[in-house]
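Spelled out from the first residue to the last, the chains are:
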Amino acid sequence: MDEIYKRRSYHDGFDGTKKISDDDINAILKAGMNAPSANDTQPWEFVLINDAEKLQELSSLNHWTRAVGTSSHTIIVCMKPDIYAGIDCGIAVQNIVLQAAHMDIGSLIMGVHDNEGYQQKIKSLLNIPDEYIAYSMIALGYPAETIPPNDKWYPEKIRLNSF
Ligand SMILES: Cc1cc2nc3c(=O)[nH]c(=O)nc-3n(C[C@H](O)[C@H](O)[C@H](O)COP(=O)(O)O)c2cc1C
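Residues numbered from 1 in each chain as written. Predicted model: local features only at pLDDT ≥ 70, side-chain atom pairs only at ≥ 80, totals over all residues.

The subject of this paragraph is the packing of helix 2 (residues 22-33) against helix 4 (residues 85-102). Helix-helix packing is described using two parameters, namely the angle between the two axes and the distance between the axes. Contact pair helix 2 / helix 4: the axes reach a minimum separation of 7 Å and the direction vectors enclose 145°. Here helix 2 and helix 4 pass one another in a crossing that is right-handed. Contacts between helix 2 and helix 4 involve A27, I28, A31 and G32 from the former and A92, N95, I96, Q99 and A100 from the latter. Of the residues that constitute the contact of helix 2 with helix 4, the class distribution is six nonpolar, three polar and no charged. (Axes fitted to C-alpha atoms, helices over the stretch in contact; angles between N-to-C directions. Helix = DSSP H or I, 4+ residues; strand = E, 2+ residues; numbered from the N terminus. Left-handed = near helix turned anticlockwise from the far one by under 90°. Contact = placed C-beta atoms within 7 Å. Nonpolar A, V, L, I, M, F, W, Y, C, P; charged D, E, K, R; others polar.)

Let us now look at the sheet that holds strand 3 (residues 106-111). Backbone-to-backbone hydrogen bonds pair the strands of a sheet. The strands run either parallel or antiparallel. Judged by pairing direction, the sheet is antiparallel, and its four strands sit side by side in the order 1-2-4-3 without closing on themselves. Two strands bound the open sheet, and with one partner strand each, they are strand 1 (44-49) and strand 3. Averaged over all neighbouring strand pairs, the angle between strand axes comes to 20°, with direction disregarded. This element, helix 3 (residues 52-59), spans strand 1, strand 2 (73-79) and strand 4 (133-141) of the sheet and lies at about 110° to strand 1. (Pairing = 2+ DSSP bridges.)

Now for the site of the ligand. Close contacts around the ligand come from R8, S9, H11, W64, L108, I109, M110, G111 and N150, and that covers them all. Of the residues contributing to the shell around the ligand, the split by class is four nonpolar, four polar and one charged. (Near = placed C-beta within 6 Å.)

Counting 35 residues, the largest nonpolar core has V77 and I138 as the members making the most contacts within it. At the level of secondary structure, the elements contributing two or more residues to this core comprise helix 2, strand 1, helix 3, strand 2, helix 4, strand 3 and strand 4. Setting aside residues no more than four positions away along its own chain, V77 makes contact with W44, F46, C89, A92, V93, Y135, S136 and I138. (Core = buried A, V, L, I, M, F, W, Y, C linked by C-beta atoms within 7 Å. Buried ≥ 20, exposed ≤ 12 C-beta atoms within 10 Å, placed from the backbone.)

Take the pairing of strand 2 next. Burial analysis of strand 2 places seven of its seven residues in the buried class, which makes it a mostly covered element. The two faces of strand 2 match: H73, I75, V77 and M79 on one face and T74, I76 and C78 on the other face are all buried. Bridge count for strand 1 against strand 2 is six bridges, and the pairing is antiparallel. Bridge pairing in strand 2 links W44 to M79. Sheet topology places strand 2 next to strand 4; seven bridges connect them, and they run antiparallel.

Our focus in this paragraph is the environment of I20. When you line up the elements, I20 lands in the loop between helix 1 (2-6) and helix 2. Exposure remark for I20: the 21 C-beta atoms within 10 Å place this residue in the buried category. Taking the C-alpha atoms as reference, I20 lies 33 Å from N39; in sequence the two are 19 residues apart. Sequence-distant contacts of I20, defined by excluding residues within four places in its chain, comprise I25, S72, H73, I105 and L140.

If you want it as structure tokens, here you go:
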């Protein structure tokens, strides 16, 4: 499946002049919504950002969020915590970036850690309710650079029949 290998992290951002169409962004969100989840709980909400000012604010949070500034859209995956919610939301994030890769749209997954009030800053900026965690941000846009596909293969990571 080509998309697995061609999906790369666009740490330095995107071609800020090109916008993703509504149909394409909806296809990307639909891919997220169709992720499997334990008991079909779907413990996610997707905050879609296309407002230039909000993109700039998210972009300036730290060095590792700079790609948001040139993204066409950024999605914040919000998670309602539960025993399997972390796995569920991780799969939703992967579905989103693979669907984007399928449409030649670049992406960057960003974790939202708890240091320096980072989690709370994002929650306040986007009015995320207390019962949700800002799980991950995904910046999306058309590539401004060519990043070669991944081709990792580590046989030593495979342990046959016992660790
Ligand atoms: C949970 C998670 C959090 C990440 N957080 C960031 C981040 O905050 N900023 C960033 O530029 N890249 C972030 N990345 C991207 C990784 O650095 C990247 O996936 C890794 O270096 C492998 O490169 P590739 O995605 O191009 O294969 C994150 C990736 C994951 C899965």
